[in-house]
Structures are given as structure tokens and as C-alpha cells.
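The lines below spell out each chain.
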Amino acid sequence: MSVTFATRRVALQVGRHRQLVLDHTRTFALGSTSANKKTTQLKQMLKSDQLEFLMEAHNGLSAKIVEEAGFKAIWGSGLSISAQLGVRDSNEASWTQVVDVMEYMSDATSVPILLDADTGYGNFNNARRLVKKLEQRGVAGACLEDKLFPKTNSLLDGRAQPLADMEEFALKIRACKDAQTDPDFCVVARVEAFIAGWGLDEALRRADAYQAAGADAILMHSKKSDPSDIEAFMKAWDKKCPVVIVPTKYYTTPTDQFREWGVSAVIWANHNLRGAVNAMQSITKTIYEDQSLVNVEKKVSTVKEVFRLQNDTELVQAEKKYLPEK
């Protein structure tokens, strides 16, 4: 009787624990009503009267490093995610593979992530399904660009950059907004008019259409080495909705100029990936040439630091709590 009772009690406890886990997961997926939701954090950043910053990450480890540095939000870079998978930034990684990476990044951090969602991986139907899957994984927003699928990276030289039909893309934005279950999930419309060689009028026309369709912000992109495209747009836009920029090419522009123009957020878009490439090339070359670790050991992180970033101490405490004493 005592064994049976103990077994039933354990089963009951396990059953209750399972229900608590399921309830917690369901609450997480649907989102809390508190201001601490990742989606709410991102929306507040976009609407802030202060210039905000998002830093690139491409996996769980880099995402955690970004948060620890103090950044309030993360840019899930399409270029960086594809590169760390060893493929080109031409939608060679499927949207489900990208979402898998985003899940690890979201699990590793408590700050919001805005995904570089390319064109939405297809038409409106693909894009709205993506939004649902991102919400389920705790991702705070998606940035969609108005080009054709499969996309071409905007910074490639001499490549054609055909734009999507403006009305169709605006309806894609509307489909994403209609599909979201969390009202604070952010859909950012990325305008590629300047990238494709069009002028200010076309950039404004498209930004107006996407903002009217429900976009939470406009990302205005330019690959000029000076910020003249962005300056002209900001002066003409007149703060109709938040504007996000990516100064990868016009990096010498003082940040205070972005503040003066009324930019809402700046994305440092690919520098963790590029920094990691430099570091790995240097370390690997040294080890290959020296056939020794002597000249690199002081240049790399300790294994202990890797364990810390993996949150190994939590597992140690959990083992004490959940494993029987021997």
C-alpha cells in the first residue's frame, strides 16, 4: 500500500508539474500582458523619443553576448545567419532553418529580437505564417524588404535589385499585421528603392504605402558611402512613423546627425559576424603555421568563459535539486 501510494503521489506530482510546464509554455507563446514582454519592449524602442540601437547576432551565443554588452535589442541578421550556416544570403537557408536559429537566440536572451526576414520567404501566405511561428518562439518582430524572392543581398556590387510590386508588398505587410496575435508584435517595412537605383520620390511613395498598410516602422536602406539618401528622406518624411536605418556603408557619419534628423533606431547590422570571421581566420592561421597553441592561448577566451555563457551554473543547481542523492 505504501509503495502504491508513493507511486501515485509521484505520478500526481509529475502530472501537476507537466500541467504547470504546459501552462507556462502556453502563456509564453501567447505573451504576457506586462510591459516586460519582448514585443512591448521593441515597440517602445521604435516609438521612443531617444535614438535606439540594435546589434547584430546570428546564434544563441552571439545573442547572449549582445545582451550582456548592454544592448536593448538584437538584430537577427539574414546575412549573418546564412553566413554562419555556410550558405549565401539568397534564401538558400529555408525559413524553417532561420526560425530554428531564432529560437535558440530567443531562448538565450531576455531582450527583444527583430528578425531580418528578407522578403517574407514568398508571398503574403508565407509571410503571415512566418509571423505566427516567430510569435510562438518569443521573437519580437520581423523586418520585410520590398524585393523579389529569392532575395539578393543589398550590398552586392553590380547585381540587379528588382523591387516587388508596391501594392502587393503593402498587402503582404497587411497580411502580417492581421496574422499576429500579440498586438505589440512589430512588422517593419524595409524600403529598397535607393538600393535599386530609384530616387527619393519612389522611396517616399513606397514608404507611404507601407505605413498606410500598418507597418510599425520603415527601414530606409542605402548603400551610398555618404548619408545623403537618408538625410533627404528624413527631411521629406516628417516623422509620419518611426524610421530605422542601417549605416553599414555610411559608417563615418556622426551618430548625432541621425538624432538631428529624427531617426528612431540604428542597426549595427553585421559586425559581430565580421569580427568573428577576422578572429577565426587569424587564430586558425596561427595554429596551422605554428603547429602549436602557445601563441594563441592568451588571445582566445577561456573554456571557463564559454561554460559561463552557456549558463552551466544553472545546470549544476538543477542537478542538485532534481537528481537523487547518491
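None of these values were measured; they are calculated from a predicted model.

Peer 1: Can you walk me through the side chain of Asp229 in this structure?
Peer 2: Following the sequence through the fold, Asp229 ends up in helix α9 (residues 228-237). We classify Asp229 as buried; its relative accessible area is 12%. Side-chain polar atoms of Asp229 contact the side chain of Lys224, separated by 3.2 Å. Those residues in contact with Asp229 that sit more than four places away from it in its chain are Phe194, Ser222 and Lys224.

Peer 1: Any chance you could explain the environment of Lys249 here in plain terms?
Peer 2: For Lys249, the location among the structural elements is in the loop between β7 (243-245) and α10 (255-261). Sequence separation between Lys249 and Ser225 is 24 residues; the distance between their C-alpha atoms is 5.0 Å. Beyond its immediate stretch of four places on either side in the chain, Lys249 contacts Leu155, Lys223, Lys224 and Ser225.

Peer 1: Is there a simple way to think about a nonpolar patch on the surface in this case?
Peer 2: Taken together, the side chains of Val303, Val306 and Phe307 present a nonpolar region at the surface, about 260 Å² in accessible area. By secondary structure assignment, the location of Phe307 is in helix α12 (residues 303-309).

Peer 1: It is not clear to me how the pairing of strand β1 (residues 52-57) should be interpreted in this structure. Could you clarify?
Peer 2: When a strand is regular, its side chains alternate between the sheet's two faces. Most of β1 sits out of view: six of its six residues are buried. Side-chain alternation along β1 places Glu52, Leu54 and Glu56 on one buried face and Phe53, Met55 and Ala57 on a second face that is also buried. Relative to strand β8 (residues 265-268), β1 runs parallel, the two sharing four bridges. Paired with Met55 across the two strands is Trp268, which belongs to β8. Bridge analysis of β1 against strand β2 (residues 74-76) gives three bridges, and the strand direction is parallel. Within β2, the position partnered with Met55 by the bridge is Ile74. Since β1 and β2 lie parallel, the crossover through helix α3 (residues 60-69) that links them has a hand, and here it is right-handed.

Peer 1: What am I meant to see in the pairing of β8 here?
Peer 2: Strand direction decides the pairing type here: β7 and β8, joined by two bridges, are parallel. Looking across to β8, one finds that Val244 is bridged to Ala265. Each parallel crossover has a hand, and for β7 linked through α10 to β8 it is right-handed.

Peer 1: Just checking my understanding: could you explain the pattern of salt bridges for this structure?
Peer 2: Side chains that differ in charge, positive against negative, can pair when their charged atoms come close. One pass over the full model with this rule turns up 23 salt bridges. The closest approach of N and O atoms between Asp216 and Lys43, which form a salt bridge, is 3.4 Å. One end of the pair, Asp216, is in the loop between α8 (200-212) and β6 (217-220); the other, Lys43, is in helix α2 (residues 38-47), and 173 residues separate them in sequence. Ionic pairing is found between Arg205 and Glu202, a salt bridge with its closest N-O pair at 3.0 Å. Of the two residues, Arg205 and Glu202 both sit in helix α8, three residues apart, roughly one turn of that helix. What makes Arg205 partly exposed here is its relative accessible area of 44%. A relative accessible area of 11% places Glu202 in the buried class. In this structure, a network of salt bridges that share partners links the residues Asp116, Glu145, Lys147, Arg190 and Glu192.

Peer 1: Please clarify how the packing of aromatic side chains should be interpreted in this entry.
Peer 2: We describe a pair of aromatic rings using the distance from one ring centre to the other and the angle between the two ring planes. Applying the stated criterion across every chain yields a total of five aromatic pairs. Between Phe169 and Tyr210, the ring centres sit 4.8 Å apart and the planes meet at 65°, which makes this aromatic pair edge-to-face. One end of the pair, Phe169, is in helix α7 (residues 166-179); the other, Tyr210, is in helix α8, and 41 residues separate them in sequence.

Conventions used here
Residues numbered from 1 in each chain as written. Predicted model: local features only at pLDDT ≥ 70, side-chain atom pairs only at ≥ 80, totals over all residues. Heavy atoms only, no water. Helix = DSSP H or I, 4+ residues; strand = E, 2+ residues; numbered from the N terminus. Buried < 20%, exposed > 50% of the residue type's maximum accessible area, 1.4 Å probe, protein only. Polar contact = N/O pair within 3.5 Å; in protein donor to acceptor, adjacent residues only side chain to side chain. Contact = heavy atoms within 4.5 Å. Patch = residues over 30% accessible without salt bridge, like charges linked within 9 Å, V, L, I, M, F, W, Y side chains within 5 Å. Areas by Shrake-Rupley, 256 points an atom, 1.4 Å probe, with all protein chains shown as cover. Salt bridge = Lys/Arg side-chain N within 4 Å of Asp/Glu carboxyl O. Pairing = 2+ DSSP bridges. Right-handed = clockwise from strand over helix to strand, strands pointing away. Phe/Tyr/Trp six-rings, centres within 6.5 Å; stacked < 30°, edge-to-face > 60°.

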